[in-house]
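As a plain string of letters, each chain reads:
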Amino acid sequence: RQLLWQKTHDWLANANWLSRLQIRELKPGGVLWENEQPSSESIGKRGYETFRRRIRWTRHFVPDSHKTQELAESIVRVLLRSDELRRFLVTMRPDALPDLLSIKLQPRFEFSDKVLRDLIADKGSRLYQEIEENRNIADNGCYAIPDDNVLLKFFFGNAEEANTLGVWKPVGDATINAIRMAHQSGYDEYLNEPNDGLDVETWRDITFVSIRFFDIMVKAAMVQSVPYHMWLFYMPRFVTELEKIYDTSTNNVDTEDEFPTRSARLMYEVFNAMGDWIQNLRYLDKASPHAAIKGKGVHPSSVIPADAALALGDAMMTVALSNRIGDSFARYLHECVLRDIDSLSRTGLEGEMRTILIRAVLAGGNRSPGRRYGERLKTFVAKTDYVLRNNVNDYVETLNATYP
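The shown structure was predicted, so the numbers you read here are calculated from the model rather than taken from an experiment.

### Considering the overall build of the chain
At step 1: Counting its secondary structure elements, the chain contains 22 helices and zero strands.
At step 2: Reported as C-alpha extents along the three principal axes, the dimensions of the chain are approximately 80 × 65 × 35 Å.
At step 3: Sequence-distant contacts in the chain: of pairs separated by 6 or more residues, those separated by 24 or more amount to 73%.
At step 4: Approximately 20,200 Å² of the chain is accessible, and the part contributed by carbon and sulfur atoms is 51%.
At step 5: For the chain, the distance from the average site of its 52 positive side-chain charges to the average site of its 56 negative ones is 8 Å.

Structure (structure tokens):
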């Protein structure tokens, strides 16, 4: 409804001046502030609203153009539901996708899901290209997204858009399905080969790109104070699925390497991303909804650092109790968690976050692990560098108290 006659009609018809008047602030008890004088701004606003109210009857002489609107919406619905058009745009005209995704009609939600499934399934898509090129971190701990990256800019330039569309679901579900179907597709053979480092193949791997997608999304939501966790709990699910097909029995795999296999490298990327979300607490303003961590850490709370601690504890439990992941790599991931703890100070907001993180790791998120989990963590601690172990003595003491 952006045509001239439509805007004019709506301006006249929406002259409900009472709902828009600024009500003067009241003292407790309902008494007006003493000696309060109406400001020139409030006088002008009242005059403007009174004028609108008196000419409201003229709306009957201005065409509302509802028929035009209905026809336009019908055309848009046809476009959004066309599989042929969607596939063409994803492949040939991805720059045009944000224009359709931003139309405020119900079919855009299904269109968004299908677009993201198409993009994440195609290793040569614009989404893969943008994520590979988008590696710079700004001073606030968030990724700097240039205007050229039109898809990332649309979804995460205003992360509320990503929240509204629920962009985590099509990407997360497609990644989990790819790992679950790894035996049929041969993807498991690729994952269980020796890790060759961060090469071109890595940026064409669906799991790695999805992890980076979540990393960009969650950091943007934190900085922009979007009051939701953006379903970061997909991350420990990635670890769970990778653990199920983890295999170091193939040729040329050295279990003592930092990352014995590509699958191990992906697990590390998950742990690294979740650790960053926790540490990024230091970039938040105290008024941010994601800085309200007091009392959090037991259940999902939509406070990202606290929920990231839960997710990290969940993933740690999967790794520690695995019969497939060797002790060497499991201990390495545990040391990554200890370094996350060590990076947080013991006072103030970071001190509270440190306590939440320790509690979440020892509780396996909120999965209530048994004694075997505690014994595994003690084994890892015993083989940890002395300096690091001393720096996280609060973790060690809590571990011994929780699992005596």
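Here the narrative resumes.
### What to know about helix α17 (residues 304-320)
At step 1: Between its first and last C-alpha atoms α17 spans 24 Å; for 17 residues at 1.5 Å apiece the expected length is 24 Å, and the two agree.
At step 2: Buried residues dominate α17, accounting for 16 of its 17 residues.

### Structural notes on helix α22 (residues 393-402)
Owing to its 3.6 residues per turn, the α-helix aligns residues three or four sequence positions apart on the same side.
At step 1: Three or more residues of α22 are buried, namely Asp 394, Tyr 395, Val 396 and Leu 399.
At step 2: Residues of α22 that are buried sit in contact with α18 (327-343), α19 (348-362), α20 (371-382) and α21 (386-391).

### Things to note about the packing of helix α14 (residues 206-223) against helix α16 (residues 262-279)
At step 1: Direction vectors running N to C along α14 and α16 enclose 0°, while the axes themselves pass 10 Å from each other. Considered as vectors, α14 and α16 are oriented roughly parallel to each other. Residue-level contacts link Thr 207, Phe 208, Ile 211, Phe 214, Asp 215, Val 218, Lys 219 and Met 222 of α14 to Leu 266, Glu 269, Val 270, Ala 273, Asp 276 and Trp 277 of α16.
At step 2: For the contact of α14 with α16, a count of residues per class yields nine nonpolar, one polar and four charged.

### A short note on the packing of aromatic side chains
At step 1: Counted by the stated rule, this structure contains 17 aromatic pairs.
At step 2: For the pair Tyr 187 and Tyr 190, a centre-to-centre distance of 6.1 Å together with 15° between the ring planes defines the contact as stacked. You can see Tyr 187 and its partner Tyr 190 sitting in helix α13 (residues 187-191), three residues apart, about one turn around the helix.
At step 3: Look at Trp 231 and Tyr 234: their rings are 6.4 Å apart centre to centre, the planes differ by 70°, and that puts the pair in the edge-to-face class.
At step 4: Since its relative accessible area comes to 6%, Tyr 234 is described here as buried.

### Some words on a nonpolar patch on the surface
At step 1: Together, Trp 11, Tyr 48 and Phe 51 give the surface a local cluster of nonpolar side chains, amounting to about 310 Å² of exposed area.
At step 2: Judged by relative accessible area, which is 32%, Trp 11 ranks as partly exposed.

### Brief notes about the pattern of salt bridges
At step 1: Tallied over the full model, the rule gives 28 salt bridges.
At step 2: Linking Glu 110 and Lys 114 is a salt bridge whose minimum nitrogen-to-oxygen distance equals 3.1 Å. Of this pair, Glu 110 and Lys 114 both sit in helix α7 (residues 107-121), four residues apart, roughly one helical turn.
At step 3: Because the salt bridges share partners, they merge into one network encompassing Asp 83, Arg 86, Glu 110, Lys 114 and Asp 118.

### Examining the environment of Val 253
At step 1: Here Val 253 lies in the loop between α15 (234-244) and α16.
At step 2: Along the sequence, Val 253 and Gly 172 sit 81 residues apart, while their C-alpha atoms lie 28 Å from each other.
At step 3: Residue contacts for Val 253: discarding those within four places in its chain leaves Asn 192, Pro 194, Thr 248, Pro 260 and Thr 261.

Rules used throughout
Residue positions are given per chain, counted from 1 along the sequence in the order it is written. This being a predicted model, a pLDDT of at least 70 is required before a residue's local features are given, and a value of 80 or more before pairs of side-chain atoms are given or counted; all residues contribute to the totals for chains, interfaces and linings. Each side-chain value is derived from all of the structure's non-hydrogen atoms; neither hydrogens nor water enter the calculation. Secondary structure elements are taken from DSSP: a helix is a run of H or I of four residues or more, a strand is a run of E of two residues or more, and numbering for both begins at the N terminus. Contacts between residues were defined by any pair of non-hydrogen atoms, one from each residue, lying within 4.5 Å. Here the accessible surface of atoms and residues is derived via Shrake-Rupley with a 1.4 Å probe, and residues count as covered only by protein chains that are part of the display. Note on charges: Lys and Arg go in the positive column, Asp and Glu in the negative column, and His and the chain ends are not counted at all. For the purpose of locating charges, the reference atoms are NZ of Lys, CZ of Arg, CG of Asp and CD of Glu. One less than the number of residues in a helix, times 1.5 Å, gives the span that helix is expected to have. Burial classes: relative accessible area under 20% of the type maximum marks a residue as buried, over 50% as exposed, and values in between as partly exposed (1.4 Å probe, protein chains only). Axis geometry follows a simple rule: fit a line to the C-alpha atoms, using only the stretch in contact for helices, then measure angles between N-to-C directions, giving values from 0 to 180 degrees. Roughly parallel covers angles under 35 degrees, roughly antiparallel covers those over 145, roughly perpendicular covers 65 to 115, and oblique covers all other angles. Charged residues are taken to be Asp, Glu, Lys and Arg, nonpolar residues to be Ala, Val, Leu, Ile, Met, Phe, Trp, Tyr, Cys and Pro, and polar residues to be all remaining types, Gly included. Aromatic pairing here means that ring centres of Phe, Tyr or Trp (its six-membered ring) are within 6.5 Å. Orientation follows from the plane angle: under 30 degrees is stacked, over 60 is edge-to-face, and everything else is tilted. Residues qualify for a patch when their relative accessible area is over 30% and they have no salt bridge, like charges being joined within 9 Å and the nonpolar side chains of Val, Leu, Ile, Met, Phe, Trp and Tyr within 5 Å. Salt bridge, as applied in this entry: a Lys or Arg side-chain nitrogen positioned within 4 Å of an Asp or Glu carboxyl oxygen.

Read these as geometric descriptors, not functional statements.
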